[in-house]
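# Tertiary structure, described
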Amino acid sequence: MFTKLMAATALISASMISVASAETISMWVRSGIGDSFKEVVKAYNAAHENKVELTEVPFAELVQKYATAIAGGQAPDALSLDLIYTPAFAAAGQLEDLTDWAKALPYFNSLSPSHVKLGTYEDKIYGLPLTVETSIFAWNKDLYKKAGLDPEKAPATLEEITANAEKIRGLGGDTYGFYFSGGGCGGCMIFTFTPLTWGAGADILSADGKTATLDTPQMRKAVDIYRNMIAKDLVPAGAASDNGVNFLSFTNGKIGQQSLGAFAIGTLVTQHPEIDFGVTLIPGVDGKPSSFAGGDNFVVTKGTPKLADVKEFLEYTYSPEGQKIMAKYGSLPTRGDIANEVLEGLDPRLKVGLDAIAVAKTPYTLQFNDLINSANGPWATFTNAAIYGDDVDGAFADAQAEMQSIIDAGQ
């Protein structure tokens, strides 16, 4: 009897120790990140004593909220951070140095190089790839059919997209031919709108990031195309005030066409099987395609007492199991060494996301937030004013001048 009692007591004690040692990792992600990372977190939480607690923050607020939280000592242990912001937070001494641990990972050299590059500051690594993202174009095949269009024919030009949008809008009611988040969501519009000009050889910044090059014939043509769709009532009125919250409007089944992120492929497949859709590359104003190469880096707040636990979770995310879960829900592989294995048997439309990498770009500037992602910045203000406002010339002139002023002030 005594032996059994001792054994039971030991079991209870071990259980209590196990529970006591379990940690909860706090992590922030941006709204609209899609299902892939959420599903990895679910799988990790189900199989590990440690847990990851996710908090979604509106896309347009994440950077400022994180900076404020750091200053107030209320920052999460880890963050899914748009890769272009990693150098700024690293330079401010706000992120954990992951260099030695990262380089010891046996698959380190196969991790997405652009993410590692932007995660590096002064030869030290502060961010590692979490989601590899490209922007793509999607169309609703059912709405194409109803509008008398060939559902298997991907539109190859913006003129074709506009013509298709008109026919889809002709279905009436709350069915629209096109959608974009145009209400001051700079991040949304850099992701889906600038490829229209990149494909045609123009850019909004010089290669060295020191000169604003916004006002080009290609950008004016892109603006005209969007203004034309607005004038023809091909886009829901709510797009004008959408700050990114409704970025995935395509999933409501009432939008005929929309430029999205490759992550949306998995979201549509798993969460909206009722939508039959096709995907292709985003055509530029001259028909040549392009894409935004982006995604998020995984960063760790400096000073977190849960660094070891955070590393364990990231290693799970990088494992074949974690990578397959993310791919199943639409995220492109972050590890090149197992990319083919990860995508095997999955929806072939994911390959379009991989194809986009070959024609994709990422603006290089240390002032990305002030110039582009800030809801009150010149890029977000410009896209809304130029597409919806009455003074297109003024919108171009104001944005060009403000962008150059911000660039010059940062030199």
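What you are looking at is a predicted structure, and each value in this text was computed from that prediction instead of being measured.

### Side note on the state of the cysteines
Scanning the entire structure with this criterion turns up one disulfide. Bridging cysteine 185 to cysteine 188, the disulfide has an S-S length of 2.1 Å. Between cysteine 185 and cysteine 188, the S-S torsion sits near 65 degrees, and that sign places the bridge as right-handed. Of the residues examined, cysteine 188 reaches a relative accessible area of 7% and is grouped as buried.

### Quick word on helix H13 (residues 307-318)
Compared with the 16 Å implied by 1.5 Å per residue over 12 residues, the 17 Å span of H13 between its first and last C-alpha is a close match. Every buried residue belonging to H13 is among Leu307, Asp309, Val310, Phe313, Leu314, Tyr316, Thr317 and Tyr318, and all of these are buried.

### As for the layout of surface pockets
In this structure, the largest pocket encloses a volume near 280 Å³. Every residue lining the largest pocket is counted, 20 residues in all, and those nearest its centre are Ser112, Pro113, Ser114, Val132 and Ile357. Those elements that provide at least two residues to the lining of the largest pocket are helix H6 (113-118), strand E6 (127-140), strand E10 (289-300) and helix H16 (350-357).

### Overview of the nonpolar core
One finds Phe193, Ile204, Met219, Tyr226, Trp379 and Phe382 to be the most contacted residues of the largest nonpolar core, which totals 90 residues. If we skip the residues at most four places from it in the chain, phenylalanine 382 touches Leu214, Met219, Val223, Ile387, Ala395, Phe396 and Ala399.

### Description of the packing of aromatic side chains
One pass over the full model with this rule turns up 20 aromatic pairs. On the numbers, 5.7 Å between centres and 75 degrees between planes, the contact of tyrosine 107 with tyrosine 318 is edge-to-face. In this pair, tyrosine 107 sits in the loop between helix H5 (99-104) and H6 while tyrosine 318 sits in helix H13, placing the two residues 211 residues apart along the sequence. Across the pair, exposure class does not vary: tyrosine 107 and tyrosine 318 are buried alike. Every member of this aromatic cluster is reached through a ring pair, and the members are Phe178, Phe180, Phe193, Tyr226, Trp379, Phe382, Tyr388 and Phe396. Its guanidinium or amino end placed over the ring of tryptophan 28, lysine 65 lies 5.4 Å from that ring's centre, counting from NZ or CZ.

### Quick look at empty space enclosed by the protein
In total, this model carries four cavities of 30 Å³ or more according to the counting rule given. Roughly 270 Å³ of internal volume is contained in the largest cavity. Around the largest cavity, the lining comprises 19 residues; the ones closest to its centre are Arg30, Phe59, Asp82, Gly187 and Phe191. Listing elements by their share of the lining of the largest cavity, those giving two or more residues are helix H9 (186-192), E10 and helix H17 (368-373). Residues belonging to the lining of the largest cavity are distributed by class as follows: eight nonpolar, seven polar and four charged.

### Description of the packing of helix H18 (residues 378-388) against helix H19 (residues 392-409)
Here H18 crosses H19 at 175 degrees, and the two axes come no closer than 9 Å. Taken together, the axes of H18 and H19 are roughly antiparallel relative to one another. Residues Pro378, Phe382, Ala385 and Ala386 of H18 touch H19, and the partners they reach there are Val392, Ala395, Phe396, Ala399, Glu402, Met403 and Ile406. Class assignment of the residues belonging to the contact of H18 with H19 gives a composition of 10 nonpolar, no polar and one charged.

### Digging into the environment of valine 299
Within the secondary structure layout, valine 299 lies in strand E10. By relative accessible area, valine 299 is classed as buried at 0%. Between the C-alpha atoms of valine 299 and glutamine 400, which are 101 residues apart in sequence, the distance is 33 Å. When residues no more than four places from it in sequence are discounted, the contact partners of valine 299 are Asp77, Ala78, Leu79, Leu81, Thr86, Leu95, Tyr126 and Gly127.

### A look at the pattern of salt bridges
Under the counting rule described, the total for this entry stands at 17 salt bridges. One salt bridge connects glutamate 160 with lysine 153, and the closest N-O pair in it is separated by 2.5 Å. The residue arginine 335 makes a salt bridge to aspartate 337 at a minimum N-O spacing of 2.8 Å. Ionic contacts of the salt-bridge type, sharing partners, join the residues Asp215, Arg220 and Asp393 into one network.

### Here's the deal with unusual backbone geometry
Positive phi is not limited to glycine here, since aspartate 123 has a value of about 65 degrees. Following the sequence through the fold, aspartate 123 ends up in the loop between strand E4 (120-121) and strand E5 (124-125). By relative accessible area, which is 70% here, aspartate 123 ends up exposed. The phi dihedral of aspartate 233 falls on the positive side, at around 60 degrees, and the residue is not glycine. Within the secondary structure, aspartate 233 sits in the loop between helix H11 (217-231) and strand E7 (257-261). Assessed through its relative accessible area of 37%, aspartate 233 is described here as partly exposed.

### Considering the pairing of strand E1 (residues 24-30)
Of all seven residues in E1, five are buried; the element is thus mostly enclosed. Summarising the sheet, E1 and strand E2 (residues 51-57) pair through seven bridges and their orientation is parallel. By the bridge assignment, serine 26 is partnered in E2 with glutamate 53. Where E1 and strand E3 (residues 78-82) come together, two bridges link them in parallel fashion. Within E3, the position partnered with tryptophan 28 by the bridge is leucine 79.

Criteria and thresholds
- Residues numbered from 1 in each chain as written.
- Predicted model: local features only at pLDDT ≥ 70, side-chain atom pairs only at ≥ 80, totals over all residues.
- Heavy atoms only, no water.
- Disulfide = S-S within 2.5 Å.
- Buried < 20%, exposed > 50% of the residue type's maximum accessible area, 1.4 Å probe, protein only.
- Helix = DSSP H or I, 4+ residues; strand = E, 2+ residues; numbered from the N terminus.
- Expected span 1.5 Å × (residues − 1).
- 1 Å grid on protein atoms, 1.4 Å probe; cavity = no way out; pocket = protein on both sides within 12 Å on 5 of 7 lines; lining within 4 Å.
- Points joined across faces, edges and corners; volume = space filled by probe spheres on them.
- Core = buried A, V, L, I, M, F, W, Y, C linked by side-chain atoms within 4.5 Å.
- Contact = heavy atoms within 4.5 Å.
- Phe/Tyr/Trp six-rings, centres within 6.5 Å; stacked < 30°, edge-to-face > 60°.
- Lys NZ or Arg CZ within 6 Å of the ring centre and 35° of its normal.
- Nonpolar A, V, L, I, M, F, W, Y, C, P; charged D, E, K, R; others polar.
- Axes fitted to C-alpha atoms, helices over the stretch in contact; angles between N-to-C directions.
- Parallel < 35°, antiparallel > 145°, perpendicular 65-115°, else oblique.
- Salt bridge = Lys/Arg side-chain N within 4 Å of Asp/Glu carboxyl O.
- Pairing = 2+ DSSP bridges.

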